[in-house]
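A closer look at the structure
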Amino acid sequence: MRADPHIVIAGAGAIGCFVGGLLAAAGMQVTLLLRARVAAEVRAHGLTLTDFDGMAQKVSAERLVLSKTPGCLATADLVLVTVKSGSTAQVADLINTHAPAKCPVISLQNGVANAEILRAGLPARDVRAGMVPFNVVPMGQGGYHRATSGDITIGAGPGDLAEVLSVPYLRITESREIEAVQWGKFLINLNNALNALSGLTLQQQLRDRGWRQLMADQWGEALGVLRRAGINPASTTPVSVGSVPSILRLPTPLFSRVATQMLTIDDQARASMSYDLMSGRPTEIDALQGEVIRLGNALGRPVPIARMVHDLIKTAELAAQGLPNLPVSALRTELKRARQG
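My aim in this report is to walk through the structure given alongside it, one point at a time. None of these values were measured; they are calculated from a predicted model. (Residues numbered from 1 in each chain as written. Predicted model: local features only at pLDDT ≥ 70, side-chain atom pairs only at ≥ 80, totals over all residues. Heavy atoms only, no water.)

Our focus in this paragraph is helix α9 (residues 209-228). Helix length check: α9 (20 residues) gives 28 Å between terminal C-alpha atoms against 28 Å at 1.5 Å per residue, within 8%. Its side-chain oxygen placed 2.8 Å from the backbone nitrogen of G210, D208 serves as the N-cap of α9. The positive-phi residue at the C-terminal boundary of α9 is G230, with phi of around 80 degrees. (Helix = DSSP H or I, 4+ residues; strand = E, 2+ residues; numbered from the N terminus. Expected span 1.5 Å × (residues − 1). Polar contact = N/O pair within 3.5 Å; in protein donor to acceptor, adjacent residues only side chain to side chain.)

Before going further, it helps to examine the sheet that holds strand β5 (residues 65-67). Pairing in this open sheet of eight strands is mixed, and the strands run β5-β2-β1-β6-β7-β8-β11-β12 from one edge to the other. If you trace the sheet from one side to the other, it starts and ends with β5 and β12 (172-175), each paired once. Strand-to-strand twist of the sheet, defined as the mean angle between neighbouring strand axes without regard to direction, takes the value 25 degrees. Where strand β11 (residues 152-155) meets β12, four bridges bridge the pair, whose relative direction is parallel. Note that in β12 the partner of T153 across the bridge is T173. Contacts from helix α6 (residues 178-189) reach β8 (127-131), β11 and β12 within the one sheet, and its direction differs from that of β8 by about 35 degrees. (Pairing = 2+ DSSP bridges. Axes fitted to C-alpha atoms, helices over the stretch in contact; angles between N-to-C directions. Contact = heavy atoms within 4.5 Å.)

At 3.6 residues per turn, the α-helix brings residues three or four places apart onto the same side. With eight of eight residues buried, helix α7 (residues 191-198) lies mostly within the body of the structure. Burial in α7 covers these residues: N191, N192, A193, L194, N195, A196, L197 and S198. A positive phi of about 75 degrees marks G199, the residue just after α7. (Buried < 20%, exposed > 50% of the residue type's maximum accessible area, 1.4 Å probe, protein only.)

This paragraph deals with the sheet that holds strand β9 (residues 136-140). Here we have four strands laid out as an open sheet, ordered β4-β3-β10-β9, and mixed in their pairing. For this open sheet the edge positions go to β4 (56-59) and β9, each flanked by a neighbour on one side alone. Averaged over all pairs of adjacent strands, the angle between strand axes in this sheet comes to 20 degrees, irrespective of strand direction. Note: β9 against strand β10 (residues 143-146), four bridges, orientation antiparallel.

Notably, A124 is not glycine yet its phi reads approximately 70 degrees, a positive angle. Relative to the elements of secondary structure, A124 occurs in the loop between α4 (114-121) and β8. The phi dihedral of Y169 falls on the positive side, at around 70 degrees, and the residue is not glycine. Within the secondary structure layout, Y169 lies in the loop between α5 (161-165) and β12. Using a relative accessible area of 46% as the deciding quantity, one classes Y169 as partly exposed.

Turning our attention to empty space enclosed by the protein. For the structure shown, the criterion picks out one cavity of 30 Å³ or more. Size it by volume and the largest cavity reaches roughly 50 Å³. V19, L80, I106, L108, I152, I154, L165, L170 and I172 together form the lining of the largest cavity. In the lining of the largest cavity, the residues fall into nine nonpolar, no polar and no charged. (1 Å grid on protein atoms, 1.4 Å probe; cavity = no way out; pocket = protein on both sides within 12 Å on 5 of 7 lines; lining within 4 Å. Points joined across faces, edges and corners; volume = space filled by probe spheres on them. Nonpolar A, V, L, I, M, F, W, Y, C, P; charged D, E, K, R; others polar.)

Printed below as a string of structure tokens:
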């Protein structure tokens, strides 16, 4: 790795623009490979990066290279993949065609299968999984707001890539147990769909004990399947993965006191799937609840909550009318109907 590496963010959306913007603000060479709409917005306004803790960074468009074509990968020293899960194989093909063979590739995506998909398309390359714990809210006009806390973790490997990527306001750590870390984040990400169906902000949803109880039931269902499959998720919060359902079921005043020690969430935060539905984009439901369904099928284990949530999100995608704004009672009724056959 050169002292001044060229970093390409492949598929720069909210996470990619936020991470790439902070790297550029620290003086690193950053190219954003992004859609024409986002490129036009960044070209016109630059990037304004803020967070729940008062951080504010302005990055002019001149500090970045904006590209709509994969030829920019040809001079990459490091590629960070931030596309939606459904585009992972396509990005692997582009990297394989254009990027140098020695260039490490890090997946900063939701879901647990993306690194393996990248490895399949990029044999003999240094491909690593990563886990992004925080939520980024697109504010418009080049503004991106980090609305929850946490540090990025990447898989351990040759060279100290975590040190290369750690800059002010962006801390990266390495783990030799990255798959377990990813599965821990996977359990948290299952709430993306519930949050999108609710139409609420994350804070509003977490203040509602009915929603938290459904979150707890969903977590317990998924954790049971993972453990039956021999998967042991690592906690990404100060509490164990097995204790999360009990914490979610606590009365709201007590839950609020415990939750503030686990995670910081500001009042603007929504799950990424909410923004997908609001923008009419495909969601990552197949990489989240869809993965629980696949494991359940393989084990012969019923997963009614995952199936119900998966079906409701698919219906919302087809309707293309934004957030469904469903009350939690509607999901309970749908779940009862599904269980009755």
